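Now for the letters of each chain:
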Amino acid sequence: MIGEKEPGGISAAGLEVSGLTKHYGAHAAIQQIGFRLERGALLTLLGPSGCGKTTLLRAIGGFVAADAGRILVEGQDIGALPPERRPTATVFQGYALFPHMSVAANVAYGLKMQRIPRAEIAGRVRDALAAVQLSAMAERMPSQLSGGQQQRVALARCLVVRPRILLLDEPFSALDRNLREEMQVELRKLQQRLGITTVVVTHDQQEAFILSDWVAVMNAGRLHQFDRPAGVYDAPATRFVASFTGMTNLLEGQAEGQEFVVPGIGRFPLPAAAPPGSLLGLRPGALRLVEPGDPAACAVGEVGFVAMTGAEALCEIACPGGALQVAVPRRPGAPVTGARVGVALAEPSQAVVLAA
Amino acid sequence: MKRNLVALPAMVVLAVLAGAYGSFFATGLLRQVPGTASVAGPLSLDNYLRFLAGGGQVPVFLDTFGFAVLLTLITALIGYPLAYFIARTESRFLRVFFLAVLVATFLSGSVTRAYGWMVILGNRGLLNSLLLNAGLIEQPFRILYRQLGVGIALVHFLLPFFVLTVVGGIRNVPRALEEASRDLGCGPARTFMRVTLPLSLPAVAEGMALSLALALSAFLFPLMLGGGRVRLVANYIYDQIFVAFDIPFAAVVSAGFLVCSCAALLVMAGLQRLLLRRFATGGLT
Amino acid sequence: MAEFIMGRRHLLGASGGLLAAPSLARAQARDITIQIWGTTWTSSVRTVAQRFEAATGIKVNAVTQATSGEGLVRLQSMRAAPTIDVWFTTASVAERAKTDAQLFLPLPMAAISNAAQIEAGARASHWLGVYFYQLGIVWRTDQVREPIASWQDLWAPRFAQKLGVPTMNSYQARMLLVAATLNGGGIANVEPGFEALKRLKPNVVTWYSSDTTARQALAQGELAVLVAPPAALKRVTDAGVQARMISPPPSPMMYDSMMLVNTPKREAAARFIDFCLSKDMQDVIAQGQGMGPVHPGASTLPEIAATLPKPEDRVSYDDDIINANIGAWNERFSREVAS
């Protein structure tokens, strides 16, 4: 298992998955997935579409029957239970609010199923709506709400049944950018306040880093890395994790002493405790441009392409053995296409050596 | 302006239809020349008054509406589970197979089908032979030449119309809603009752309105399978024209029946609108 | 007679023929169109038409009708410009139809030389019988052991759920009139007839309006006994069923007839009517239909001839009275007997 940690201590983890596998015909949607998540933590399942993250979430929720493996919630194996008997609640992509019921009735739905007394239901629904700041909307129909409001109803509908595990499938993908960031923060605060073990599916690394205690990076049905967000960013465990999280310079070469030599490009200083490996990973932001003759220059090339990305500009530097991507601050005197420049490493600790 | 041009063909068709109806209904103002098949003036409302006074058609109208409503309900009861199965089965093969069977019933002509029912439902037919051989009955059970046989043939005729309408309605209920219900602690049966069924009710109402309209206008199956005992409004009108040759009164009965049928369908349409407002799936995925 | 198969192809052919010859001189008509029951066409008149075309060069197109009544209403709907030149219809409906002087022509007897040859009852101002038949009783000998001897036998308990009986509009109320006559009434007093039909209900499987389907039911064994004309005997024995027929008194006699429609092709149409009444064609028609020829020199099949009633048993009911009352009788029948 790659990057497996022990976050749960001795007591049962909030969620523990082991050996989870699901095939659709010959195609393996998820293979041998395993991790432990401590109670109250938020995990995001991060990966491109088709990587198996949604299948994994649906397996936890009970909508996909796994071929093999176990799912334990606070020590209890829930793998054989139908969805309605699992201690999980899901915020579906698109929210899946019941269109023929009011906001209050949507939120009360799960409680009615538990045959909770009417008076108690009313109180809990009121509290849940207050928690998502929708008290005024209780009698509206879902179609009368904005996307953000609908999402909060979906959240309230889950929280009100007090699940052990909260599952969210791409919860913010239907929202526009500003609202998305606002809702991400809101969800994170609410989740921390309630201390509920949560799993979120996303394809957006930014979202994963903002929300998470833990990130599980997946590709092609496999779990590549289970780590803290900083660990994923700073020390990608595989070439896939590196490139998926924006490490665009992946250079083949070999270490020679304290330097990593990339044929046709140059020599890069390595951090002190670099592991052995034949691949050097450098984020564009870990590089800077210098004069071609600067002693710090690790490589020399020609500016081929400049793109504005906001506060920074992304430059592509053509070297004889390949291109390097370098992010530079935008200020007067920025490089122009065709100029000869040197490329230096901003900070040796930001260089990552990968096995392959 | 462009829109008007596009609507033109539809307007022409409507105008021709309305004109045809209009001339037929105007015939109701004339009267039959006794002993002949001819109609003549002067214009009078006598036939309309005779109709309103209950010119023999009232029991036929009541029978027809009662029978049509009964058939519609039976069709819905049989058709809904079938539609649900087709809409929700995981097996593509089964879905295509059932749809193909339903569509195939559309393709067989009514006369062919009526003869088919005679072979199946007769006292010496397949069904009775089966039941006799299985020892379930000792005497052939009379199905053909009475209302039961006509009803079976008509339900079979109505089913594809109902099912194909409702399959769409059920498929439009997002799976995610059923999953959300399960997720919130509701078992499959209660999920069906609380989510799937209510949200497919507008389609059910539409399918029932279609079935009702078709059942009300049934003619051939009562004639061929009813043994002379099942006489619906269409058969009554047919008799007025082709036996009594009283075309003016037939026109009046037709007009009256059209009004009654439209009223019934308007009620169904109103019900559907009500259900749609209450159980709309639109706007949400 | 009734079948529920519309001859759409025939109809198209007919209208095509009309378009092709809009105003050709009467004598030069290249084709005519007849309106006829489908079975009658296929079982004999088509052959006659082929012989007619061979003899005269005039092609005969056919448009089929389910019933005489349907045929009449269709003709009336095209009264301004009929596309049908000769209409085959039950004589009683012909009596009703002939009042429509715009649509139907008196027959030019001078041009129809064979008309003088046929039996007198088959000859009227506006129609000429093409064959005759009686309403009798046909039964399957495998299901009915003891032969039927009289109409009254039909009421016997041994025929419970065994009978197919024509409804009011099939054979123009003849069953009602027979039942009335047997029970002391008649055409002027049908009350005993209705009472008798009500008593017949337990024995009746189907009150039929389509004799094609009724024959089918007899052939399949759904019925053991059918009240029908001799054609039914021919059809079911042709289908391999062992059957017999009796024509007990009163034996109502009927004609199916031909009428001349008011069209420009009337001369060719009259030639065709004449052709149908020739001795040879009468043989073809009577034998093909399993009915009686109207030409005294012609003969039908021996087994059909054997069913024809003795002259003293024959009755014919007044079509004018039937036509005046059949609408009301049909309503009463539907309400009191068939329901």
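Thresholds, definitions, all that
- Residues numbered from 1 in each chain as written.
- Chains lettered and ligands numbered in written order.
- Predicted model: local features only at pLDDT ≥ 70, side-chain atom pairs only at ≥ 80, totals over all residues.
- Heavy atoms only, no water.
- Helix = DSSP H or I, 4+ residues; strand = E, 2+ residues; numbered from the N terminus.
- Buried < 20%, exposed > 50% of the residue type's maximum accessible area, 1.4 Å probe, protein only.
- Areas by Shrake-Rupley, 256 points an atom, 1.4 Å probe, with all protein chains shown as cover.
- Lys, Arg positive; Asp, Glu negative; His and termini not counted.
- Charge placed at Lys NZ, Arg CZ, Asp CG, Glu CD.
- Contact = heavy atoms within 4.5 Å.
- Salt bridge = Lys/Arg side-chain N within 4 Å of Asp/Glu carboxyl O.
- Polar contact = N/O pair within 3.5 Å; in protein donor to acceptor, adjacent residues only side chain to side chain.
- Nonpolar A, V, L, I, M, F, W, Y, C, P; charged D, E, K, R; others polar.
- Buried area = accessible area lost by both parts, 1.4 Å probe.
- Core = buried A, V, L, I, M, F, W, Y, C linked by side-chain atoms within 4.5 Å.
- Domains from an automatic or database assignment.
- Pairing = 2+ DSSP bridges.
- Right-handed = clockwise from strand over helix to strand, strands pointing away.

### Some details on the overall build of chain B
Alright, step 1. A tally of regular secondary structure across chain B gives 12 helices and 2 strands.
Alright, step 2. Secondary structure elements of chain B occur, N-terminal to C-terminal, as α-β-β-α-α-α-α-α-α-α-α-α-α-α.
Alright, step 3. When the backbone C-alpha atoms are referred to their principal axes, chain B occupies close to 75 × 70 × 35 Å.
Alright, step 4. Out of the 285 residues in chain B, the part that is buried amounts to 46%.
Alright, step 5. If you sum the accessible surface of chain B, you get close to 13,800 Å²; carbon and sulfur atoms cover 72% of it.
Alright, step 6. Of the side-chain charges in chain B, 21 are positive and 10 negative, and the distance between the mean point of each set is 4 Å.

### Thoughts on the interface of chain B and chain A
Alright, step 1. With 23 residues of chain B in contact, the opposing surface of chain A contributes 25 residues.
Alright, step 2. For the pair chain B and chain A, the interface holds 2 salt bridges.
Alright, step 3. Between Arg-182 of chain B and Glu-84 of chain A there is a salt bridge, with the nearest N and O atoms lying 2.6 Å from each other.
Alright, step 4. Put simply, chain B and chain A have 5 residue pairs in polar contact (both at pLDDT 80 or more) between them.
Alright, step 5. Every element with two or more residues in the side of chain B that touches chain A is listed here: helix H8 (175–183), helix H9 (188–216) and helix H12 (247–279) of chain B.
Alright, step 6. In terms of residue count, the dominant contributor to the side of chain B that touches chain A is H8 of chain B (7 residues).
Alright, step 7. In the side of chain B that touches chain A, the residues fall into 12 nonpolar, 5 polar and 6 charged.

### Here we look at the interface of chain B and chain C
Alright, step 1. Of the residues lining the interface, 32 residues belong to chain B; the matching set on chain C comes to 35 residues.
Alright, step 2. In total, about 2,800 Å² of surface goes out of reach between chain B and chain C, with carbon and sulfur atoms giving 54% of it.
Alright, step 3. Of all residues in chain B, Arg-124, Arg-229 and Val-243 of chain B bury the most surface against chain C, accounting for 20% of the area lost on that side.
Alright, step 4. Inspection of the region where chain B meets chain C yields 1 salt bridge.
Alright, step 5. As a salt-bridge pair, Arg-231 of chain B and Glu-331 of chain C come within 2.7 Å of each other at their nearest N and O atoms.
Alright, step 6. On inspection of chain B and its partner chain C, the count reaches 14 residue pairs in polar contact (both at pLDDT 80 or more).

### Some remarks on the side chain of Glu-207 of chain A
Residue and element names in this part refer to chain A.
Alright, step 1. For Glu-207, the location among the structural elements is in helix H6 (residues 205–211).
Alright, step 2. Buried within the structure, Glu-207 lacks any salt-bridge partner; Arg-180 is the closest side chain of opposite charge, at an N-O distance of 5.1 Å.
Alright, step 3. Here Thr-202 takes part through its side chain, which lies 3.1 Å from a polar atom of the side chain of Glu-207.
Alright, step 4. In this structure, Glu-207 is in contact with Pro-171, Phe-172, Arg-180, Gln-184 and Thr-202, ignoring residues within four places of it in sequence.

### What to know about the nonpolar core
Alright, step 1. In this structure, Ile-34, Phe-88, Val-225, Phe-272 and Trp-329 of chain C are the most contacted members of the largest nonpolar core, which totals 175 residues.
Alright, step 2. When residues of this core are assigned to domains, at least three map to each of domain 1 (8–133 + 255–305) and domain 2 (136–246 + 309–338) of chain C.
Alright, step 3. Not counting residues within four places of it along the chain, the set of residues in contact with Trp-329 of chain C comprises Met-168, Ala-173, Leu-176, Leu-177, Ile-187, Val-190, Phe-194 and Ile-322 of chain C.
Alright, step 4. Counting 55 residues, the second largest nonpolar core, distinct from the first, contains Phe-63, Val-125 and Val-132 of chain A together with Val-195 of chain B.

### A few points about the pairing of strand S1 (residues 31–37) of chain C
All names here are of chain C.
Alright, step 1. The buried count for S1 comes to 7 of 7 residues, which makes it a mostly enclosed element.
Alright, step 2. Relative to strand S2 (residues 59–65), S1 runs parallel, the two sharing 7 bridges. Residue pairing across strands places Trp-37 opposite Gln-65, the latter belonging to S2.
Alright, step 3. Regarding the hand of the β-α-β motif, the stretch spanning S1, helix H2 (residues 38–56) and S2 is right-handed.
Alright, step 4. By the bridge criterion, 2 bridges tie S1 to strand S3 (residues 86–90) in an arrangement that is parallel.

### Observations concerning the environment of Leu-354 of chain A
All names here are of chain A.
Alright, step 1. Along the polypeptide, Leu-354 turns up in strand S21 (residues 352–354).
Alright, step 2. A C-alpha to C-alpha distance of 37 Å links Leu-354 and Asp-77, two positions 277 residues apart in sequence.
Alright, step 3. Beyond its immediate stretch of four places on either side in the chain, Leu-354 contacts Pro-236, Ala-237, Thr-238, Arg-239, Ala-242, Leu-250, Gly-277, Ser-278 and Leu-279.

### Things to note about the pattern of salt bridges
Residue and element names in this part refer to chain C.
Alright, step 1. With the rule as written, the count across this model stands at 33 salt bridges over all chains.
Alright, step 2. A salt bridge links Arg-140 to Asp-142; the shortest N-O distance between them is 2.9 Å.
Alright, step 3. The exposure class of Arg-140 is buried, given its relative accessible area of 9%.
Alright, step 4. Exposure remark for Asp-142: the relative accessible area of 41% places this residue in the partly exposed category.

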